[in-house]
Amino acid sequence: MTGLERNGDIVRIAAYAPLFGNLTALHWAPDLIWFNNHTSTCSTNYYMQKLFATNAGTSLLKSELSGAKIPENPFAGKIGAGTWNTSAKFDNVKITDNETGQVLAFDDFSKDEFEEKWDKATDGSWKVKNGELVQSSTSANTVNYASTGTVAYFGSKNWKNYTYTIDAVKTGGSEGFVIPFAVQGKQDNYFWNIGGWNNTTSCLQKVSGGKKSDQLAGTVIPQSGNKVILPTGKHKRLL
C-alpha cells in the first residue's frame, strides 16, 4: 500500500481480492469483508485499506539504504583443458591480455613439453601426439576425477582479464569437455562444463575448497531431448 501511494502519479486505482467471505467457510482467510445471513464484519485488512484511502500522504520522506560492502574478487588464475567420461584432443591453446592485446602464452604442442608446462590435477591418459594434446581415458571407473574431471592446468595464477581460446575435438565417450579458468589451485577454480550430464547440459561450475558446486545459476544451457551437441570428431572453438 505504501508503494501504491508513493507511485500515485502512475497508479490510478487499487483492487483487493477476495472481497467477500462467508462466515460459514473460513478456510480462506484474507477476505476483506465477512458476512452471513444476518450481519457483515469488516476485517483488519479492510481498515488498513480505508486508512490509506482517507489519509492520503502529502509528502515523501527521504530514505537511504546502505548495503554491505562486498570486496571485489576479480577472476584470475591459470587456464586448463579436460574431460569427463570423454576422450579428446586439444590444440592451439592461446591466452591474450584483453587490455594490451599481448599474447600471454601459446601452446600448439609442436613440441612435447606437457610435463614441463602443464600440471595434472587428477590422473588420466595424457600425452602429446602428432602436434596435439591427447586425453584418451573415457571411463570414470579408472580415473580419479575428484571434483574437477580429468584436467590439466597451464599458465600463471596472476593472469587476469584475458581471453582464452582452444581447439577441442571429442574422440569418444558420453560427455563433452571441461574447460577450467581462473585456476588458483586444484581445490579452487572455475570450469566450463560443455556437454555434461550425458551431453544434455552446458554450464559453469565452481570448485571451492575442493568441493564442486552444482550448475551456477544464469549459466545453464540445457539441450532438448537426446540432442548431441558435441558429436565425436566435431571441432569446437571455445572462447
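Placed above this text is the structure.
Residues numbered from 1 in each chain as written. Predicted model: local features only at pLDDT ≥ 70, side-chain atom pairs only at ≥ 80, totals over all residues. Heavy atoms only, no water.

**Q** I keep staring at the overall build of the protein and nothing clicks. Help me out?
**A** Within the protein one finds four helices and 17 strands. Taking the intrachain contacts of the protein between residues at least 6 apart in sequence as the baseline, contacts between residues at least 24 apart amount to 56%. As presented, the protein carries roughly 15000 Å² of accessible surface, and 52% of it is formed by carbon and sulfur atoms. (Helix = DSSP H or I, 4+ residues; strand = E, 2+ residues; numbered from the N terminus. Contact = heavy atoms within 4.5 Å. Areas by Shrake-Rupley, 256 points an atom, 1.4 Å probe, with all protein chains shown as cover.)

**Q** Please explain the pairing of strand β12 (residues 177–185) as it appears in this structure.
**A** Strand residues, when the strand is regular, have side chains that alternate between the two faces of the sheet. For β12, a buried count of seven out of nine residues is recorded, marking the element as mostly surrounded by other parts of the structure. Relative to β12, strand β4 (residues 79–83) runs antiparallel, the two being bridged by two bridges. Along β12, the bridge assignment pairs G82 with V178. Here β12 runs beside strand β13 (residues 188–195); their pairing, made up of six bridges, is antiparallel. By the bridge assignment for β13, P180 is matched with F191. Between β12 and the antiparallel strand that follows it, β13, lie two residues. (Buried < 20%, exposed > 50% of the residue type's maximum accessible area, 1.4 Å probe, protein only. Pairing = 2+ DSSP bridges.)

**Q** How should the environment of D123 be read in this particular structure?
**A** Inspection of the secondary structure assignment puts D123 in the loop between β7 (118–120) and β8 (126–129). A relative accessible area of 33% places D123 in the partly exposed class. Separated by 29 residues in sequence, D123 and A152 have C-alpha atoms that sit 9.2 Å apart.

**Q** Is there a simple way to explain the packing of aromatic side chains in this structure?
**A** Aromatic rings in a pair are described by how distant their centres are and how their planes are angled relative to each other. The final tally for this structure, using the stated rule, is 13 aromatic pairs. Ring plane angle 65 degrees and centroid distance 6.0 Å describe the contact between F90 and F177, whose orientation is recorded as edge-to-face. With a gap of 87 residues between them, F90 in strand β5 (residues 86–97) and F177 in strand β12 connect regions that are remote in the sequence. Since its relative accessible area comes to 0%, F90 is described here as buried. Its relative accessible area of 1% is what places F177 among the buried residues. On the basis of an interplanar angle of 70 degrees and a centroid distance of 6.3 Å, the ring pair of W159 and Y162 is categorised as edge-to-face. Accessibility assignment for this pair places W159 and Y162 in one class, buried. Three or more aromatic residues link up through ring pairs in this structure, and these residues are F90, F109, F114, W118, W126, F154, W159, Y162 and F177. (Phe/Tyr/Trp six-rings, centres within 6.5 Å; stacked < 30°, edge-to-face > 60°.)

**Q** Got a minute to help me understand the environment of T54 in this structure?
**A** Relative to the helices and strands, T54 resides in helix α2 (residues 44–54). There is a polar contact of 2.9 Å between the side chain of T54 and the backbone oxygen of K50. For T54, the side chain forms a polar contact with the side chain of N55, separated by 3.0 Å. (Polar contact = N/O pair within 3.5 Å; in protein donor to acceptor, adjacent residues only side chain to side chain.)

**Q** Teacher, can you tell me more about the nonpolar core here?
**A** One broad trend across soluble globular proteins is that nonpolar side chains are buried collectively. Counting residues in each nonpolar core, the largest one holds 26 residues, and the members touching the most others are I79, F90, V93, I95, W118 and Y164. Among the elements of the structure, β4, β5, β8, β10 (150–154), β11 (162–173), β12 and β13 are those that each provide at least two residues to this core. Ignoring anything within four residues of it in the chain, the contact list for V93 reads I79, A105, F106, D107, F109, W118, F154, Y164, T165 and I166. Of all hydrophobic cores here, the second largest spans seven residues; its members include V178, V183, F191 and V207. (Core = buried A, V, L, I, M, F, W, Y, C linked by side-chain atoms within 4.5 Å.)

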